Amino acid sequence: MSQKVLLNSKEVTIILHRLACQLIEKHLDFSDTILVGIQPRGVFLAERLKQILEIEYKVPEISLGYLDITFFRDDFRRTDKPLEANKTQINFIVENKKVIFIDDVLFTGRSIRSALTAIQSFGRPSEIELLVLIDRRFSRNLPIQPDYRGRQVDAINGEKVKVSWKENEGEDAVYLITN
């Protein structure tokens, strides 16, 4: 197994600031906009973006929620190992709000399809956008594309993209892992 660094800590920081600026350009005051981190790995990205927006760009009071999609997945019953659900933490109504789904890697699109179904439990958003750190563009099974992307990666099926976050693995980095 080999591992190649796609993004180091400095590059991740630059991309996070660029994504934050793109969100500000589109949403301005965020009064009708909600960030939703897709559990488990999108939460780290969502929290980091919220922090950058509020502290460095002085955007006040951004709503942030976490959405668990475990039991909305279409492969939910296709595995022998028991699934461990994460916590959904959405303490607000999304009715007529602009929702931005945030995830670390867009691969097949199936997680986002599940998120589209799961979010309906909290109301009907006026609009849903997708922000991802990594877009694996040649592996989509569904017609889902990100509105905001940090980096586009051309990884083939045998390769895996792994995002490490300082809060979880002790470093900000993105790796391409080949078996």
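It should be noted that the structure appears before, not after, this text.
Residues numbered from 1 in each chain as written. Predicted model: local features only at pLDDT ≥ 70, side-chain atom pairs only at ≥ 80, totals over all residues. Heavy atoms only, no water.

Q: Looking at this structure, I do not really get unusual backbone geometry. What am I missing?
A: Across the chain, the bulk of peptide bonds are trans and the bulk of non-glycine residues have phi less than zero. The amide bond that connects Q39 to the next residue, P40, takes the cis arrangement and shows omega of 0°. Positioned with a positive phi, F30 is a non-glycine residue whose angle comes to about 65°. Within the secondary structure, F30 sits in the loop between helix 1 (9-27) and strand 2 (33-38). With phi around 45°, E61 is a residue other than glycine that occupies positive phi space. Secondary-structure assignment places E61 in the loop between helix 2 (42-56) and strand 3 (63-67). (Helix = DSSP H or I, 4+ residues; strand = E, 2+ residues; numbered from the N terminus.)

Q: Would you explain helix 1 in this entry?
A: In an α-helix, one turn spans 3.6 residues; hence positions three or four apart end up facing the same way. Over its 19 residues, helix 1 runs 27 Å from end to end, which matches the ideal 27 Å to within 8%, given 1.5 Å per residue. Among the residues of helix 1, those classed as buried are V12, I15, L16, H17, L19, A20, L23 and H27. A side-chain oxygen of the first residue of helix 1 lies 3.1 Å from the backbone nitrogen of K10; this N-cap is N8. Downstream of helix 1 by a residue or two, L28 has a phi angle that is positive, lying close to 55°. (Expected span 1.5 Å × (residues − 1). Buried < 20%, exposed > 50% of the residue type's maximum accessible area, 1.4 Å probe, protein only. Polar contact = N/O pair within 3.5 Å; in protein donor to acceptor, adjacent residues only side chain to side chain.)

Q: Whenever I open this one, the sheet that holds strand 7 (residues 159-164) confuses me. Can you help?
A: Consider a sheet: its strands pair through backbone hydrogen bonds, and that pairing is either parallel or antiparallel. Within the open sheet, the three strands sit side by side as 1-8-7. Their pairing is antiparallel. Edge positions in the sheet fall to strand 1 (2-7) and strand 7, since each of these pairs with one other strand and no more. Pairs of neighbouring strands in the sheet enclose a mean axial angle of 30°, with direction left out of account. Relative to strand 8 (residues 173-178), strand 7 runs antiparallel, the two sharing six bridges. Considered in strand 8, the bridge of E159 is made with T178. The sheet strands contacting helix 1 are strand 1 and strand 8, and the helix crosses strand 1 at an angle near 40°. (Pairing = 2+ DSSP bridges. Axes fitted to C-alpha atoms, helices over the stretch in contact; angles between N-to-C directions. Contact = heavy atoms within 4.5 Å.)

Q: Which parts of the structure should I look at to understand the sheet that holds strand 5 (residues 127-136)?
A: If you trace the five strands from one edge of the open sheet to the other, you get 3-2-4-5-6, paired in parallel fashion. The strands lining the two open edges of the sheet, one partner per strand, are strand 3 and strand 6 (148-153). Strand-to-strand twist across the sheet, computed as the mean angle between neighbouring axes with direction ignored, equals 25°. Note: strand 2 against strand 3, five bridges, orientation parallel.

Q: What should I look at first to understand the side chain of D135 in this one?
A: As for its position among the elements, D135 is in strand 5. Within the local environment of D135, its side chain forms a polar contact with the side chain of R149, the two groups lying 2.9 Å apart.

Q: Which parts of the structure should I look at to understand the environment of T88?
A: Checked against the element boundaries, T88 lands in the loop between strand 3 and strand 4 (98-106). Residue classification places T88 among the partly exposed positions, given a relative accessible area of 33%. Measuring from C-alpha to C-alpha, the distance between T88 and I69 comes to 8.5 Å, with 19 residues separating the pair along the chain. Those residues in contact with T88 that lie beyond four places of it in its chain are Y66, L67, D68 and F122. A polar contact is formed between the side chain of T88 and the backbone nitrogen of D68, at a distance of 2.9 Å.

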